[in-house]
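Examining the three-dimensional arrangement
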Amino acid sequence: MKRYPTVLLFGLLSLSSQLAHADVIDDAIGNIQQAINDAYNPGSSRNSDDDDRYDRSRESDGRRYDDRRRQLEERRQRLDERQRQLDDDRRQLEEDERRLEDDYER
């Protein structure tokens, strides 16, 4: 009498493990089929969504690049203006020194 429940339990376990393996294999086959379909049908919605995300990412990267480039250019202009002011101050200082020397020599 104990043999019958043991055989039944063993049979159920072996069937359930085979069904679990079949589900994994079925999922893998489905993923492979989807990859093949995506490769041969570039106009599918999945690829266009990926392309849209890629395009939006590139646009935002482009905007960040342009913003950073503009900031650097503005900084360069400010530095150039400061350099011009320093050059003017240096010329004024040299002129003042020359006058002082001229006045001292007299």
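In this report, we go over the structure that sits alongside the text. (Residues numbered from 1 in each chain as written. Predicted model: local features only at pLDDT ≥ 70, side-chain atom pairs only at ≥ 80, totals over all residues. Heavy atoms only, no water.)

A few points about the overall build of the protein chain
Helices and strands together make up the secondary structure of the protein chain, namely two helices and zero strands. Residue burial in the protein chain is summarised as follows: out of 106 residues, 2% are buried. Split by element, the accessible area of the protein chain, about 10,500 Å² in all, is 52% carbon and sulfur. (Helix = DSSP H or I, 4+ residues; strand = E, 2+ residues; numbered from the N terminus. Buried < 20%, exposed > 50% of the residue type's maximum accessible area, 1.4 Å probe, protein only. Areas by Shrake-Rupley, 256 points an atom, 1.4 Å probe, with all protein chains shown as cover.)

Here we look at a negative patch on the surface
On the surface, Glu-94, Glu-97, Glu-101, Asp-102, Asp-103 and Glu-105 cluster together to form a negatively charged patch. With respect to the helices and strands, the residue Glu-94 is situated in helix H2 (residues 45–105). (Patch = residues over 30% accessible without salt bridge, like charges linked within 9 Å, V, L, I, M, F, W, Y side chains within 5 Å. Salt bridge = Lys/Arg side-chain N within 4 Å of Asp/Glu carboxyl O. Lys, Arg positive; Asp, Glu negative; His and termini not counted. Charge placed at Lys NZ, Arg CZ, Asp CG, Glu CD.)

Here we look at the pattern of salt bridges
Scanning all chains against the criterion turns up seven salt bridges. For Glu-73, the salt bridge is made with Arg-76, and the minimal N-O distance between the two is 3.9 Å. Residue Glu-73 and its partner Arg-76 are located together in helix H2, separated by three residues, close to a single helical turn. Residue class for Glu-73 comes out partly exposed when judged on its relative accessible area of 38%. You can call Arg-76 partly exposed: its relative accessible area is 49%.

Things to note about a nonpolar patch on the surface
Together, Ile-32, Ile-36 and Tyr-40 give the surface a local cluster of nonpolar side chains, amounting to about 370 Å² of exposed area. Position of Ile-36 among the secondary structure elements: in helix H1 (residues 3–40).

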